[in-house]
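# A look at the structure
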Amino acid sequence: MTTSITWDQASARRLERQFLAISAPEDVPAAEVVAAMLGAHAQVMSAAELSVGVRSTALTRADVRSALWEDRSLVKTHGPRGTVHLLPTAELPLWCAALPAVPSGTSGQAPDVRLSEKQAEEVVAAIGDALDGVHLTIDELSEEVVARTGPWAGDLVMPAFQALWPRWRQVLHRASQSGALCFGPNRGRKVTYTRPPHFAPLPPDEAVRELLRRYLHAYGPSTPAWFAKWLAAPAGWAGRLFERMAEAGEIERVGVAGVGGAWMGDAWVAAGDMEFPAEGRGLGRVRGVRLLPYFDAYGIAAQPRERLFPGDAYRRALAGGQAGNYPVLLVDGVVAGVWHQRRQGRRTTVTVEPLGRLTARQARELGERVERVGEVLEVARAELVVGEVTTGPHA
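Below: a short report on this structure.

The rules we used
- Residues numbered from 1 in each chain as written.
- Predicted model: local features only at pLDDT ≥ 70, side-chain atom pairs only at ≥ 80, totals over all residues.
- Heavy atoms only, no water.
- 1 Å grid on protein atoms, 1.4 Å probe; cavity = no way out; pocket = protein on both sides within 12 Å on 5 of 7 lines; lining within 4 Å.
- Points joined across faces, edges and corners; volume = space filled by probe spheres on them.
- Helix = DSSP H or I, 4+ residues; strand = E, 2+ residues; numbered from the N terminus.
- Nonpolar A, V, L, I, M, F, W, Y, C, P; charged D, E, K, R; others polar.
- Buried < 20%, exposed > 50% of the residue type's maximum accessible area, 1.4 Å probe, protein only.
- Polar contact = N/O pair within 3.5 Å; in protein donor to acceptor, adjacent residues only side chain to side chain.
- Contact = heavy atoms within 4.5 Å.
- Axes fitted to C-alpha atoms, helices over the stretch in contact; angles between N-to-C directions.
- Parallel < 35°, antiparallel > 145°, perpendicular 65-115°, else oblique.
- Pairing = 2+ DSSP bridges.

Attention now moves to the layout of surface pockets. Roughly 570 Å³ of volume is contained in the second largest pocket. Taken together, 22 residues form the lining of the second largest pocket, with Q43, H78, V84, F183 and Y193 sitting closest to its centre. The element contributing the most residues to the lining of the second largest pocket is strand β8 (residues 182-187), with four residues. Broken down by class, the residue content of the lining of the second largest pocket amounts to 12 nonpolar, eight polar and two charged.

Pasting the structure below:
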């Protein structure tokens with residue numbers, strides 16, 4: 001018999017496992033918080049720092065930077081969906097085996113621009129050799145790659161930002177996801193790259209199955225379609241993976257009911273992971289207010305999206321249905337507004353636009369969350385303004 005749970009129970013469990021119900025205590029390091037999120041989106045580094053910090057009672061942007069550049073417990077690299085993420089260094093054997101095992105579509109480059117598989121492998125190896133123990137800018141790395149492979153790798157044939165990039169750069173993400181490359185500290189305004197610590201990757205099939213189990217632990221119950229969307233993987237491949245793991249008894253099915261008991265459908269959790277908050281008399285739902293920055297992992301991964309972004313939130317807090325383009329206000333576990341912060345020296349102004357009326361308790365807690373944003377960003381003062389957010393998506 002299939003176990004049945006409610007959307008509120010699923011949501012509450014996800015929030016608890018994301019340190020969004022109860023913040024991580026001060027002895028929990030940044031890498032552990034990032035591991036719970038399955039990576040922190042870091043295309044905008046300040047957003048990544050906020051994603052980690054707002055899940056903790058004590059971590060600040062300085063702690064995240066220290067984890068990246070000093071103790072190296074975090075690494076900045078290309079993670080899920082090929083986008084820049086912070087990942088725990090200790091988990092690279094998993095990520096750098098699982099991500100290359102995800103099928104990718106046909107290259108978007110013209111046939112005369114593409115690398116052959118043999119050339120791509122040569123470039124990835126050259127990148128790893130060139131970056132071992134050093135930090136190089138993209139131009140310095142290009143010189144090293146061409147010297148190790150051949151002039152063909154440096155042909156300026158890739159259209160990019162009104163310019164042409166060398167041929168080898170089309171596998172930059174592949175090198176990153178396979179562990180040959182990660183980001184180093186900036187050299188002035190220039191990005192640098194280096195090689196992460198050497199490691200032995202897991203067998204690819206084992207890594208993919210483990211990644212699905214971790215995803216289901218953090219964001220389950222889930223479906224093959226939601227997993228595929230989170231990973232930017234082919235839907236058919238995700239469906240076959242779920243089928244294999246279900247047949248092997250590694251995942252199990254649950255039924256999920258929505259608001260008012262309306263049936264939402266079946267979803268999956270890792271085998272034996274059937275612990276959910278109790279339901280009834282106000283239980284099974286997380287109460288409280290949270291501020292999540294751009295491209296926060298929870299807003300990207302939690303599904304179904306229309307439940308996380310109910311009513312007006314679907315229109316206001318998404319950009320064409322895409323999550324992450326607006327920082328969001330969570331109230332009792334669902335998106336209930338957007339916000340924007342503007343920093344000026346040692347001060348920051350946080351403008352919050354609720355989509356409904358906040359209770360007195362929620363208004364007080366919102367003020368506390370704004371103060372926490374200021375602590376994470378290490379500003380002297382964070383001022384809350386409740387009003388319309390006039391900036392556009394990803395502003």
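Take the side chain of E353 next. Within the fold, E353 resides in strand β15 (residues 347-354). Overall, E353 belongs to the buried group, its relative accessible area being 13%. Within the structure, E353 has its side chain in polar contact with the side chain of R316 (distance 2.9 Å). Apart from the residues within four sequence positions on either side, E353 is in contact with R316, A336, G337, V338, G387, E388 and V389.

Viewed as axis vectors pointing N to C, helix α9 (residues 204-219) and helix α11 (residues 235-247) meet at an angle of 90°, and their least axial separation amounts to 11 Å. Considering the angle they form, α9 stands roughly perpendicular to α11. Contacts between α9 and α11 involve D205, V208, R209, L212 and R213 from the first element and W237, L241, F242, R244 and M245 from the second. Partitioned by chemical class, the residues of the contact of α9 with α11 number six nonpolar, no polar and four charged.

An order of β2-β4-β3 is seen for the three strands of this open sheet, with the pairing classed as antiparallel. The open sheet has two edge strands with one neighbour each: β2 (40-41) and β3 (74-78). Pairing of β2 with strand β4 (residues 84-88), which is carried by two bridges, proceeds in the antiparallel orientation. Directly across from A40, in β4, lies its bridge partner L86. Here helix α4 (residues 61-69) sits on the sheet in contact with β3 and β4, set at roughly 80° to β3.

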